[in-house]
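Each chain is listed here by its residues.
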Number of protein chains: 2
Amino acid sequence: MKLTKTRNIFFTGFMASGKSRIGALTAASLGWKFFDTDKLVEEKTGKTIPQIFAEQGEAAFRKLELETLREICASGQMVASLGGGTLLNPEAIELIRKNGVLIGLRASPEVILERVNRKKESRPLLADLDDPAKLEKIKSMLAERQPLYDLANFQFESEESLPHHVFTRRIIHRLLVEELDPLWVELGERRYPIYIGEDLSDYIDSIAEKTGCPQSFAVVSDQNVQDAQGSMLEHLRTALGNCPAFYWKSGEPEKNLTSIQKLLTWLLRQGFSRKSVLVACGGGVVGDMTGFAASIFLRGIPFIQVPTTLLSMVDSSVGGKTGVNHPLGKNLIGAFHQPRAVIISLNSLKTLPREQYLAGLAEVVKYAIIRDMEFFAWLEQNADAVAQQDMGALQYIVRRSCAIKAAVVGNDEREMDERGRAVLNYGHTFGHAFENLSEYRYPHGLAVALGMRCAARLSGSLGMLSAQDVIRHDALLDRLNLPRHFSNAFDMDKAFEAMSRDKKASSGRRVFIVPKSLGEAVPVVNPPEDAVRDAFKVVLGDHG
Amino acid sequence: MKLTKTRNIFFTGFMASGKSRIGALTAASLGWKFFDTDKLVEEKTGKTIPQIFAEQGEAAFRKLELETLREICASGQMVASLGGGTLLNPEAIELIRKNGVLIGLRASPEVILERVNRKKESRPLLADLDDPAKLEKIKSMLAERQPLYDLANFQFESEESLPHHVFTRRIIHRLLVEELDPLWVELGERRYPIYIGEDLSDYIDSIAEKTGCPQSFAVVSDQNVQDAQGSMLEHLRTALGNCPAFYWKSGEPEKNLTSIQKLLTWLLRQGFSRKSVLVACGGGVVGDMTGFAASIFLRGIPFIQVPTTLLSMVDSSVGGKTGVNHPLGKNLIGAFHQPRAVIISLNSLKTLPREQYLAGLAEVVKYAIIRDMEFFAWLEQNADAVAQQDMGALQYIVRRSCAIKAAVVGNDEREMDERGRAVLNYGHTFGHAFENLSEYRYPHGLAVALGMRCAARLSGSLGMLSAQDVIRHDALLDRLNLPRHFSNAFDMDKAFEAMSRDKKASSGRRVFIVPKSLGEAVPVVNPPEDAVRDAFKVVLGDHG
């Protein structure tokens, strides 16, 4: 990624805070010009700054400094290291605000003292003092100037232990993240951003920082992700300060309280505290489990989601539903716990098995049908690009799907309202029957695709969706290579029984979400059994 | 309990909603007079109501009715059943509002039809109609009058299956609960009331109703409570519609994720849903575990706390901390989950072992010392009444303690601020050492009492608390029979080690909460080790 909106970068900070060194390195990394304003003034006048102060006074120097700033701002993208007193001049502040971002570098008084002593060049303000007196002087000057440094858009602590290039990278990444335009899931004080890009794994620490996370991380994933996307995981861990990682065995059977307990034990053994952050990297199971573990570890710590499957990108990354299965049913134990951020790197989809991609696509189409006719039409026109995983198309469908789910969830965070989140169950009531009849071997997303075909047919036979739109509905699913037929054994009575056992079927009422038009779905309660039977037949082929 | 604030009760409702029958029963239960306004008018005029309507018109009838209402309102506490059209008269509404509460009885159109058909007396409005036509007429009249019934302060559904006396009891209890003055824990949308009384177990259903809980309950408790307070548990279960109950084995070793899983499995087997409420009846362990189970069952259901120990009444009933232990430490797994209501029946304390009462008292004194000089002085003056469990004294100390904790928690719900909830740890850092050295056999509350003695001494030697106040501090603990000496084996090095392992000691800093005066505690970070050693000695007696 490149900085496009940021025009100039100005560094401020106390003496020995590293603003010249880090400023120059930042410029080099970006391929931009670098200026030290003090040095420019000295070159221009042929005098040292103390000379200018002595001969012409501070006002004259500030004028020279401002002129210099104007000139370099006009020179295109550049990085400037400011003098210690530049920000005393309100005109300079205005110029800087207009022309770029101001970055403040901080260092502790002790670090400053050590650096000053280490360097040979003299610091006139500290001349002739012993170390304790120097430290006192540094502290009082720092306190005095703090209000100026607080003008900075961003402040960074320059630690001795951090190599310069790592520190520089951190600054540039923070600015890059600032330029991104995430999708926000609006949930009041629990609102969070979804960042969507080709590969954002390098930026996770900066995104975490921006969202106010503490800086102690654990990556949580599973063996499948470790096998298929090992290098991405390494990238993540490196970006997060070489943090440790925990891997579950993969698969739905592992989604239980025992696995949660294993992670919690590991976290405690590793010494993680309430100031730690879990980073869930994987599909829906990893996300659900990690989010749940985060919600109950030390009574709740933050977590960040890095979904790696299309389904988890468009489904579980929005909504805050976390949890595990119970022997008596799926997702019966859990919590609503919103992530601090979701970070989607679309590159992860390259290693995704085709069947899993299709399962995610079914949910994408679902969003269009339940809420967004325009999106449906876009999918019709771009079905090939979507089927071929064109990067631009992926960006579009993921963002739009998340936006639709975010809008639905924002109105009904805790799923209290039948007309709220329930609409997201389009295709799910029929789909549940297919999953159940296959003993959960048939993938959820594909079962939903079949379920949508049934629900659209049901809507048609109830006189809601026109025959033409039912055809159009199914045609889009066809073009995206979504399944047409349920080829496992089908038993109508068992299918009905499975639908009644669906936990979403409350108190004997059977609720189907059906489109009343392409782009608007509504609940229908207890439709005629004949119509439901007929609807099943549309995907049964020879079995029907 | 008796109704004291409610002066008169007026029943309104559609024909056959039961307002005369239930009204008369309510009056009989309360020992109040009962009036049927229609009948009073008929008696007074010697005419039937249709006659009055025919001869004098509706306006004249409404005037007679209003006069009658005025007369009965003046007659002291009474129950009145209103005529079908009384509320059509704005003057009548005003009179009712001023003089008492208006209760609306509801019944479904089908129930009304059945009752009308069952009774012999004619209903002129429904004369000459067949059943389907009657039902339609009832429905349309109900819809028309609904705005009038909605004027009621409370509405109750009169179900056929509910015996009259149970229904009447429900109405009276609801009014009684309305007269109670709970303490509110102010946490925005999670605010909840704490009800404190001698015996509130009969009122739990009405309190649950008032706080908006769904009406499906499970009582959760443990074997100790079952043994010591079996009849109270039966009362609770009866009041909650004979709901089922689940019992854990008692004791800290049971406080783990496996016990939670057992309860969740039982809840699922019993068919509990997201519309269920858990009622935690017991001490701190039962409360912590039930609250945690409620927070993760089907992603969170409501719970009500019925604490039975003094410690749980004044400590865990405020704050929303729920959770279980992990083999690596106490309370490491959990959630913040606020109860819908806390219901404290002080009678429960009668069967409480003396040691557990003292453990609770230690926390009570703690609240006074950290926040409330006036409360401290009250405790000095009423120490004997408190030690003897005088009911008035109990009411006072429980309410005041909860109020102090509520004020502290309200400012820092999630324990993010060192100067927030941390002050509640007065006596806990030293106390933790005593608990640890006794391998957790020494009760928490008593360890806190010893810890407070140490912390007061530490404060004294740091020049904060005056010598006189240290004496006064300890004298109150003495008068309440709280322990003076730690009689187990004591090892100073191990004590220091235990304090560092306290999870509240973050990153090597040892934080002690100490009183800077009686009534105000503050944190002190890393006090001199010598002073801490000396402070320990105050409770070591010969061992020191």
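Structural data are supplied above this passage.
Now for a description of the structure that goes with this document. Since this is a predicted model, take the numbers as computed values, not measurements.

Notes on the overall build of chain A
Along its length, chain A carries 23 helices and 16 strands. Seen through its principal axes, chain A has C-alpha atoms that stretch 100 × 50 × 35 Å. Counting only residues that meet the buried cut, chain A has 56% of its 544 residues in that class. Put simply, of all contacts in chain A between residues at least 6 apart along the chain, 75% involve residues at least 24 apart. Surface summary for chain A: the accessible area is close to 23,000 Å², and the carbon and sulfur share equals 49%. Of the charged side chains in chain A, 66 are positive and 66 negative, and the gap between their average positions amounts to 1 Å.

Focus on unusual backbone geometry
For asparagine 481 of chain A, which is not a glycine, the phi torsion comes out positive at approximately 65°. Inspection of the secondary structure assignment puts asparagine 481 of chain A in the loop between α21 (467–479) and α22 (492–501). The exposure class assigned to asparagine 481 of chain A is partly exposed, which follows from its relative accessible area of 36%. Phi at tyrosine 440 of chain B is positive, roughly 65°, even though this residue is not glycine. Secondary-structure assignment places tyrosine 440 of chain B in the loop between α19 (428–437) and α20 (444–461).

Structural notes on the packing of helix α12 (residues 257–269) of chain A against helix α13 (residues 284–296) of chain A
Residues and elements named next belong to chain A. Relative orientation of the contacting elements α12 and α13 amounts to 60°, with a least axis distance of 10 Å. By the criterion of interaxial angle, the relationship of α12 to α13 is oblique. By crossing handedness, the relation of α12 to α13 is classed as right-handed. Facing α12, whose interface residues are Leu257, Ser259, Ile260, Leu263 and Leu264, α13 presents Met289, Phe292, Ala293 and Ile296. For the contact of α12 with α13, the class distribution of residues is 8 nonpolar, 1 polar and no charged.

Quick notes on the pattern of salt bridges
Inspection of the entire model under this criterion finds 62 salt bridges over all chains. A salt bridge links lysine 537 of chain A to aspartate 534 of chain A, with the nearest nitrogen and oxygen atoms 3.9 Å apart. You can see lysine 537 of chain A and its partner aspartate 534 of chain A sitting in helix α23 (residues 529–537), 3 residues apart, about one turn around the helix. Under the relative-accessibility criterion, lysine 537 of chain A is labelled partly exposed at 43%. Note that lysine 330 of chain B and glutamate 252 of chain B form a salt bridge whose closest N and O atoms lie 3.9 Å from each other. With lysine 330 of chain B in strand β13 (residues 329–336) and glutamate 252 of chain B in the loop between β9 (245–248) and α12 (257–269), this pair connects stretches of sequence that are 78 residues apart. The partly exposed category is assigned to glutamate 252 of chain B, whose relative accessible area is 32%.

Comments concerning the relation of the copies chain A and chain B
Mapping chain A onto chain B leaves a residual RMSD of 0.1 Å; the transformation is a rotation of 180° accompanied by 0.0 Å of translation along its axis. Each copy turns onto its partner about a two-fold axis. Rotation axis and chain A: the residue whose C-alpha lies nearest the axis is leucine 257 of chain A, separated from it by 4.1 Å. Interface overlap between copies is the fraction of interface residues in one copy that are interface residues in the other; for chain A against chain B it reaches 100%, indicating a shared surface.

Re helix α20 (residues 444–461) of chain A
Residues and elements named next belong to chain A. End to end, α20 covers 25 Å across 18 residues, agreeing with the expected 26 Å (1.5 Å per residue, within 8%). Of all 18 residues in α20, 14 are buried; the element is thus mostly enclosed. Among the residues trailing α20, glycine 463 stands out with phi positive, at a value near 80°.

Observations regarding the packing of α20 of chain A against α21 of chain A
Residue and element names in this part refer to chain A. Contact geometry for α20 and α21: axes closest at 9 Å, N-to-C directions at 170°. Relative to α21, α20 is oriented roughly antiparallel. Where α20 approaches α21, its residues Ala449, Met452, Arg453, Ala456 and Gly460 are matched on the opposing element by Val470, His473, Asp474, Leu477 and Asp478. Its residues assigned to classes, the contact of α20 with α21 comprises 5 nonpolar, 2 polar and 3 charged.

Considering the interface of chain A and chain B
At the junction of the two partners, chain A supplies 29 residues and chain B supplies 29 residues. Between chain A and chain B, roughly 2,600 Å² of surface is buried when both sides are summed, and carbon and sulfur atoms account for 54% of that area. Across the contact surface, chain A and chain B share 0 salt bridges. Elements represented by at least two residues in the side of chain A that touches chain B include exactly α12, α13, β12 (321–326) and β13 (329–336) of chain A. Tallied by class, residues from the side of chain A that touches chain B come to 14 nonpolar, 8 polar and 7 charged.

Concerning the pairing of strand β11 (residues 303–307) of chain B
Residues and elements named next belong to chain B. Most of β11 is tucked away: 5 of the 5 residues are buried. Side chains Phe303, Gln305 and Pro307 of β11 all project onto a buried face; the interleaved residues Ile304 and Val306 project onto the opposite face, where all are buried too. One ladder, built from 5 bridges, connects strand β10 (residues 277–282) with β11; its direction is parallel. Looking at the pairing, alanine 280 lines up with glutamine 305 of β11.

As for the sheet that holds β9 of chain B
All names here are of chain B. Read from one edge to the other, the open sheet built from 7 strands follows the order β6-β7-β14-β11-β10-β8-β9, with strand pairing classed as mixed. What marks the edges here is a single partner per strand, and that holds for β6 (183–185) and β9. When strand polarity is set aside, the average angle formed by the axes of neighbouring strands in this sheet is 20°. Of the strand pairs in this sheet, β6 and strand β7 (residues 192–197) are connected by 3 bridges, and their pairing is antiparallel.

Considerations on the environment of glycine 541 of chain A
Structurally, glycine 541 of chain A can be placed in the segment after α23. Separated by 393 residues in sequence, glycine 541 of chain A and leucine 148 of chain A have C-alpha atoms that sit 74 Å apart.

Focus: the sheet that holds strand β9 (residues 245–248) of chain A
Residue and element names in this part refer to chain A. Strand order across the open sheet formed by 7 strands is β6-β7-β14-β11-β10-β8-β9, with mixed pairing between neighbours. Edge positions in the open sheet fall to β6 (183–185) and β9, since each of these has one partner strand only. Geometrically, the sheet is characterised by an average inter-axis angle of 20° between neighbouring strands, direction not taken into account. Taken strand by strand, α13 contacts β8 (217–222), β9, β10 (277–282) and β11 (303–307), and its axis lies near 170° from that of β10. Across the sheet, helix α18 (residues 391–410) is in contact with β6, β7 (192–197) and β14 (341–345); its angle to β7 comes to roughly 165°.

As for the pairing of strand β1 (residues 8–13) of chain A
All names here are of chain A. The element β1 is extensively covered by neighbouring structure, given that 6 of its 6 residues are classed as buried. Side chains of β1 alternate between two faces, with Asn8, Phe10 and Thr12 and Ile9, Phe11 and Gly13 buried alike. Note: β1 against strand β4 (residues 100–106), 6 bridges, orientation parallel. Looking at the pairing, asparagine 8 lines up with glycine 100 of β4. Of the strand pairs in this sheet, β1 and strand β3 (residues 78–81) are connected by 4 bridges, and their pairing is parallel. Following the sheet pairing, asparagine 8 is matched in β3 by methionine 78.

Side note on the packing of aromatic side chains
Residue and element names in this part refer to chain A. What the rule picks out here adds up to 32 aromatic pairs over all chains. Between tyrosine 442 and phenylalanine 486, the ring centres sit 5.5 Å apart and the planes meet at 75°, which makes this aromatic pair edge-to-face. In this pair, tyrosine 442 is assigned in the loop between α19 (428–437) and α20 and phenylalanine 486 in the loop between α21 and α22, connecting sequence segments 44 residues apart. In this structure, tyrosine 442 and phenylalanine 486 share a single accessibility class: buried. Between the NZ or CZ atom of arginine 191 and the centre of the ring of tryptophan 184, over which it lies, the distance is 3.9 Å. Between lysine 366 and the ring centre of tyrosine 367, over which it is positioned, the NZ or CZ distance is 4.9 Å.

What counts and how
- Residues numbered from 1 in each chain as written.
- Chains lettered and ligands numbered in written order.
- Predicted model: local features only at pLDDT ≥ 70, side-chain atom pairs only at ≥ 80, totals over all residues.
- Heavy atoms only, no water.
- Helix = DSSP H or I, 4+ residues; strand = E, 2+ residues; numbered from the N terminus.
- Buried < 20%, exposed > 50% of the residue type's maximum accessible area, 1.4 Å probe, protein only.
- Contact = heavy atoms within 4.5 Å.
- Areas by Shrake-Rupley, 256 points an atom, 1.4 Å probe, with all protein chains shown as cover.
- Lys, Arg positive; Asp, Glu negative; His and termini not counted.
- Charge placed at Lys NZ, Arg CZ, Asp CG, Glu CD.
- Axes fitted to C-alpha atoms, helices over the stretch in contact; angles between N-to-C directions.
- Parallel < 35°, antiparallel > 145°, perpendicular 65-115°, else oblique.
- Left-handed = near helix turned anticlockwise from the far one by under 90°.
- Nonpolar A, V, L, I, M, F, W, Y, C, P; charged D, E, K, R; others polar.
- Salt bridge = Lys/Arg side-chain N within 4 Å of Asp/Glu carboxyl O.
- Least-squares fit on C-alpha atoms with pLDDT ≥ 70 in both.
- Expected span 1.5 Å × (residues − 1).
- Buried area = accessible area lost by both parts, 1.4 Å probe.
- Pairing = 2+ DSSP bridges.
- Phe/Tyr/Trp six-rings, centres within 6.5 Å; stacked < 30°, edge-to-face > 60°.
- Lys NZ or Arg CZ within 6 Å of the ring centre and 35° of its normal.

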